[in-house]
Amino acid sequence: MTGAAAGVENAAPPGDVALRLVEVVKEFRTGGTPVRAVDRLSLEVPRGQFLALVGRSGSGKSTLLHLVAGLEPPSAGEIWLDGVELGRLSDDRRTRLRRERIGMIYQFFNLLPTLTVAENVALPALLAGESEARARARAEPLLAEVELLERRDARPHTLSGGEMQRAAIARALVFGPALVMADEPTGNLDSRAADQVLALLRGLAQRHEATVLLVTHSREAADRADRVVELRDGRVVADRSGAA
């Protein structure tokens, strides 16, 4: 069941577009002076695409992630995710959409050290009010897919960096999200582990029919994507096919 079908209001038929940004603007005020972090940005990401978002620090990448995740409202424009326009949702429904339709992967994994690997992967389902048995039933097949089933009772500090990121990928997919946002997921890994994580992320996203938005400074990581979009001063300045 998609987020729209799960009771989110103001849904439009999603079609083949997972993410649509229409003339999106985000302004902040610094010392009374407005600064545009995102400047009338429009972008469409087809369902199932692996898109890399690149650009120098200050180009607007992090702000754009926050907007797409519904953590901040745009100053102007529209953001559509999985057929739903975020600006029309209440705070509660936006939180629900973010929890159920967006999976997040971070550079530093964000695993809770006091929980086992299986408990970390199941955590989003537990926070959503599912029973422990139901949450674990969601987690275990994903642990098998990322080849961590035998480490399900281990604590994060006993894992390698690559294993921790694989656990984070499993956690991001626990609700079968429409969009997976990966913020520098290979930035804390050696090249071999980074290659494994990118290959795994691509394969899992395809099997789970998820769209991937990868934010990275790594040209090698970006070239693994289907498409590479470069930002500068909050605008798209290049849009090309990746080498994948």
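Scoring rules and cut-offs
Residues numbered from 1 in each chain as written. Predicted model: local features only at pLDDT ≥ 70, side-chain atom pairs only at ≥ 80, totals over all residues. Heavy atoms only, no water. Helix = DSSP H or I, 4+ residues; strand = E, 2+ residues; numbered from the N terminus. Rg over C-alpha atoms; globule rule 2.2 N^0.38 Å. Buried < 20%, exposed > 50% of the residue type's maximum accessible area, 1.4 Å probe, protein only. Contact = heavy atoms within 4.5 Å. Areas by Shrake-Rupley, 256 points an atom, 1.4 Å probe, with all protein chains shown as cover. Lys, Arg positive; Asp, Glu negative; His and termini not counted. Charge placed at Lys NZ, Arg CZ, Asp CG, Glu CD. Axes fitted to C-alpha atoms, helices over the stretch in contact; angles between N-to-C directions. Parallel < 35°, antiparallel > 145°, perpendicular 65-115°, else oblique. Left-handed = near helix turned anticlockwise from the far one by under 90°. Nonpolar A, V, L, I, M, F, W, Y, C, P; charged D, E, K, R; others polar. Pairing = 2+ DSSP bridges. Core = buried A, V, L, I, M, F, W, Y, C linked by side-chain atoms within 4.5 Å. Salt bridge = Lys/Arg side-chain N within 4 Å of Asp/Glu carboxyl O.

(A) Highlighting the overall build of the protein chain. Each helix and strand counted, the protein chain has 7 helices and 10 strands in total. Here the protein chain has a C-alpha radius of gyration of 18 Å; the compact-globule value for 244 residues is 18 Å, and the two agree. Projected onto its principal axes, the C-alpha positions of the protein chain cover 50 × 40 × 40 Å. The proportion of buried residues among the 244 residues of the protein chain is 49%. In the protein chain, the proportion of contacts linking residues at least 24 apart, taken out of those at least 6 apart, comes to 70%. Total accessible area on the protein chain stands at roughly 11800 Å², and carbon and sulfur atoms take up 48% of it. Separation of charge centres in the protein chain, based on 32 positive and 33 negative side chains, amounts to 2 Å.

(B) Just the packing of helix H3 (residues 117-127) against helix H4 (residues 132-145), in detail. In contact at an axis separation of 8 Å, H3 and H4 are set at 125° when each is read in the N-to-C sense. Between H3 and H4, the interaxial angle falls into the category oblique. Note on packing geometry: the crossing formed by H3 with H4 is right-handed. When H3 is examined against H4, the residues Val117, Ala118, Val121, Ala122, Ala125 and Leu126 are found in contact with a partner set consisting of Glu132, Ala135, Arg136, Arg138, Ala139 and Leu143. Looking at the contact of H3 with H4, its residues break down into 9 nonpolar, no polar and 3 charged.

(C) Main features of the pairing of strand E2 (residues 33-46). Here 10 bridges tie strand E1 (residues 17-30) to E2, and the two strands are oriented antiparallel to one another. Bridge pairing in E2 links Thr30 to Thr33. Between the end of E1 and the start of E2, which pair antiparallel, lie 2 residues, with Gly31 showing a positive phi angle near 60°.

(D) How the structure looks around the side chain of Glu85. Here Glu85 lies in strand E5 (residues 84-85). Look at Glu85 and you get buried, because its relative accessible area is 7%.

(E) Highlighting H3. Burial in H3 covers these residues: Val117, Ala118, Asn120, Val121, Ala122, Pro124 and Ala125. Looking at the buried positions of H3, the neighbouring elements they touch are helix H2 (91-101), H4 and helix H5 (161-172). Backbone geometry just after H3 places Gly129 at a positive phi near 100°.

(F) Up close: unusual backbone geometry. One non-glycine residue with positive phi stands out, namely Glu184, at about 50°. The residue Glu184 is located in the loop between strand E7 (179-183) and helix H6 (191-207) in this model. According to the relative accessible area criterion, Glu184 is buried, its value standing at 13%. Phi is positive for Asp233, which is not a glycine, with a value near 55°.

(G) Quick peek at the sheet that holds E2. Overall, antiparallel pairing links the 4 strands, which are arranged E2-E1-E4-E5 in an open sheet. Each of the sheet's edge strands pairs with one partner strand only, and the pair in question is E2 and E5. Relative to the sheet, helix H1 (residues 61-68) contacts E1, E2 and strand E4 (76-81), its axis offset from that of E1 by approximately 120°.

(H) Inspection of the nonpolar core at higher detail. The biggest cluster of nonpolar side chains holds 45 residues, and the ones touching the most others in it are Ile105, Ile169, Val180 and Leu201. A per-element tally of this core places H6 first, with 8 residues. Not counting residues within four places of it along the chain, the set of residues in contact with Ile169 comprises Ile105, Val197, Leu200, Leu201 and Leu204. Among the nonpolar cores identified, the runner-up in size contains 27 residues, and Leu21, Val24, Leu64 and Leu67 belong to it.

(I) Structural detail: the pattern of salt bridges. If you walk through the whole model with that rule in mind, you get 24 salt bridges. The closest approach of N and O atoms between Asp82 and Arg101, which form a salt bridge, is 3.0 Å. Taken together, the residues Asp82 in the loop between E4 and E5 and Arg101 in helix H2 connect sequence positions 19 residues apart. Neither Asp82 nor Arg101 differs from the other in exposure class; each is buried. Several salt bridges converge on common partners, so that one network encompasses Glu27, Arg36, Asp39 and Arg235.

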